[in-house]
Amino acid sequence: MICHLLATYLLLESDEGGGLKIIVFIDTWQPQVNGVVTVYQNVVRELTKRNHLIKVVHPFLFKTFPMPLYPEIRLAYNHFRKVGEVVREFKPDAIHIATEGPIGLTARNYCGRNKIPYTTSYHSKYPEYVNLRLKFIPLRFLYHFIFKFHQNSQCILVPSESFARELLEKKFKRIKVWKSGYDKATFNPKNKVRTLFKKPIFLYVGRIAVEKNITSFLSLALPGTKVVVGDGPQRSDYEKKYPDAVFLGYKRGKELAGYYAAADVLVFPSKTDTLGLVMLESIACGTPVAAFNVTGPKGVIENGVNGFLGDDLKENCLKALTLASSKVLRTARKWSWENSAQVFLDSLSRVEGNKLGGNK
């Protein structure tokens, strides 16, 4: 579970500003809205405060095309030679590969050819996501790709203990739990918005996509109002199929926090997420969570304290109505972006200058 850390790491200094120079290769970035972008935006912001110099290499620095079956996501395609150029010009102290897409794969291959150490993170159950859309591709084949992608990483950062255990059972090695945080100034009960929705309010926040299993929530016979915050490829279909639900589209910042605080329960129906930042944001606003007893919620929810887990989502929703907001709030204290940034730093492996590669 514990990654091997270089003893000299804390002595590292770059030539500029006394901090580390770190490259993050990632296949998603703003204006895309998802948990991975949120994590890295906040961690980069925290590292910058500590005088570290972070270069984020993301799709919008290159030409892109829409991802098949998921056009909201843009994939880079003219980045192959430029990845090596970025490494040689920036001369990083450490390299981190955040995702398994085209940019991440190119960065991994470049580091492998030039014997440059790197770390990775594994945020989402992509094999399950792909299998839900393309059922003819076996899960074992997809996990074989993921295993190979991370095989030579000096440290694989994962978002929860429960996900780490699953990967260890699949023979992944050098895993470290990397917990997320939330913006305390934004996500709190003070930003509550007034709504005319009939109470109780059951809220869903996230992408409206098949892998989120949102139909398990929308099809429930619940009192009050079902409110959906977010967007995605299935939104128009679900709006027609579930006219009793209110679809609000994307909300951000204090407005989003206001909807968390106004809700009585956050419903998290996904069975494939490995964490789910929306659960952290919800409990920080004093709103309990109802979810299935699966990987992501296990990492956040204390059953009967800040939410309810189990196989019956409707029962969990109704039981969550009984939880006191003050008790829910107390469980949010252990999550912070400061701690998350420190774990990220502690996981990095040093890049020796003479190994930054030629033109390979």
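In what follows, the structure referred to is the one given above.
Below: a short report on this structure.

Calculation rules
- Residues numbered from 1 in each chain as written.
- Predicted model: local features only at pLDDT ≥ 70, side-chain atom pairs only at ≥ 80, totals over all residues.
- Heavy atoms only, no water.
- Helix = DSSP H or I, 4+ residues; strand = E, 2+ residues; numbered from the N terminus.
- Buried < 20%, exposed > 50% of the residue type's maximum accessible area, 1.4 Å probe, protein only.
- Contact = heavy atoms within 4.5 Å.
- Phe/Tyr/Trp six-rings, centres within 6.5 Å; stacked < 30°, edge-to-face > 60°.
- Lys NZ or Arg CZ within 6 Å of the ring centre and 35° of its normal.
- Pairing = 2+ DSSP bridges.
- Axes fitted to C-alpha atoms, helices over the stretch in contact; angles between N-to-C directions.
- Right-handed = clockwise from strand over helix to strand, strands pointing away.
- Core = buried A, V, L, I, M, F, W, Y, C linked by side-chain atoms within 4.5 Å.

**Structural notes on the environment of serine 336**
So, point 1. Along the chain, serine 336 falls in the loop between α13 (325–330) and α14 (337–347).
So, point 2. Its relative accessible area of 7% is what places serine 336 among the buried residues.
So, point 3. Between the alpha carbons of serine 336 and lysine 179 there is a distance of 8.4 Å; along the sequence they are 157 residues apart.
So, point 4. The residues touching serine 336, leaving out its near neighbours within four places in the chain, are Ser180, Gly181 and Lys184.

**Considering the packing of aromatic side chains**
So, point 1. Within this structure, the stated rule accounts for nine aromatic pairs.
So, point 2. When the ring of tyrosine 122 is compared with that of phenylalanine 163, the centres are 5.2 Å apart and the planes differ by 50°; the resulting orientation is tilted. Of this pair, tyrosine 122 sits in the loop between β6 (119–121) and α4 (126–133) while phenylalanine 163 is found in helix α6 (residues 161–169), placing the two residues 41 residues apart along the sequence. Here the two residues tyrosine 122 and phenylalanine 163 agree in accessibility, since each one is buried.
So, point 3. What links up through ring pairs into an aromatic cluster is the set Tyr122, Phe147, Phe163 and Phe172.
So, point 4. Lysine 179 extends its terminal NZ or CZ atom over the ring of tryptophan 335, reaching a point 5.3 Å from the ring centre.
So, point 5. Over the face of the ring belonging to phenylalanine 292 we find lysine 271, whose NZ or CZ atom lies 4.5 Å from the ring centre.

**Let's talk about the sheet that holds strand β11 (residues 246–249)**
So, point 1. Strand order across the open sheet formed by six strands is β11-β10-β9-β12-β13-β14, with parallel pairing between neighbours. Each of the sheet's edge strands pairs with one partner strand only, and the pair in question is β11 and β14 (307–309). With direction set aside, neighbouring strand axes in the sheet form an average angle of 25°.
So, point 2. Pairing of strand β9 (residues 201–205) with strand β12 (residues 265–268) involves two bridges; the strand directions are parallel. Bridging from a neighbouring strand, leucine 203 pairs with leucine 266 of β12.
So, point 3. Sheet strands in contact with helix α9 (residues 253–262) are β9, β10 (225–229), β11 and β12, and its direction is about 145° off that of β9.
So, point 4. Lying on the sheet, helix α10 (residues 277–284) is in contact with β9, β12 and β13 (289–291); it crosses β12 at an angle near 170°.

**Brief notes about the pairing of strand β1 (residues 21–25)**
So, point 1. Judged by how many residues are buried, β1 sits mostly within the fold: five of five residues are covered.
So, point 2. Because side chains alternate across β1, one face comprises the buried residues Lys21, Ile23 and Phe25, and the other comprises Ile22 and Val24, equally buried.
So, point 3. Sheet topology places β1 next to strand β2 (residues 53–57); five bridges connect them, and they run parallel. Looking at the pairing, phenylalanine 25 lines up with valine 57 of β2.
So, point 4. Once you follow β1 into helix α1 (residues 35–49) and on to β2, the crossover reads as right-handed.
So, point 5. As paired strands, β1 and strand β5 (residues 94–97) are joined by four bridges and run parallel to one another. What sits directly across from isoleucine 23, in β5, is isoleucine 95.

**Here's the deal with the nonpolar core**
So, point 1. Within the largest apolar cluster, 76 residues are counted, with the highest numbers of intra-cluster contacts made by Tyr40, Phe217, Leu218, Tyr260 and Phe344.
So, point 2. What tyrosine 260 contacts, discounting residues up to four positions off in sequence, is Phe187, Leu203, Val205, Leu266, Val278, Glu281, Ser282, Cys285 and Thr287.
So, point 3. Of all hydrophobic cores here, the second largest spans 19 residues; its members include Val87, Ile97, Ala107 and Tyr110.

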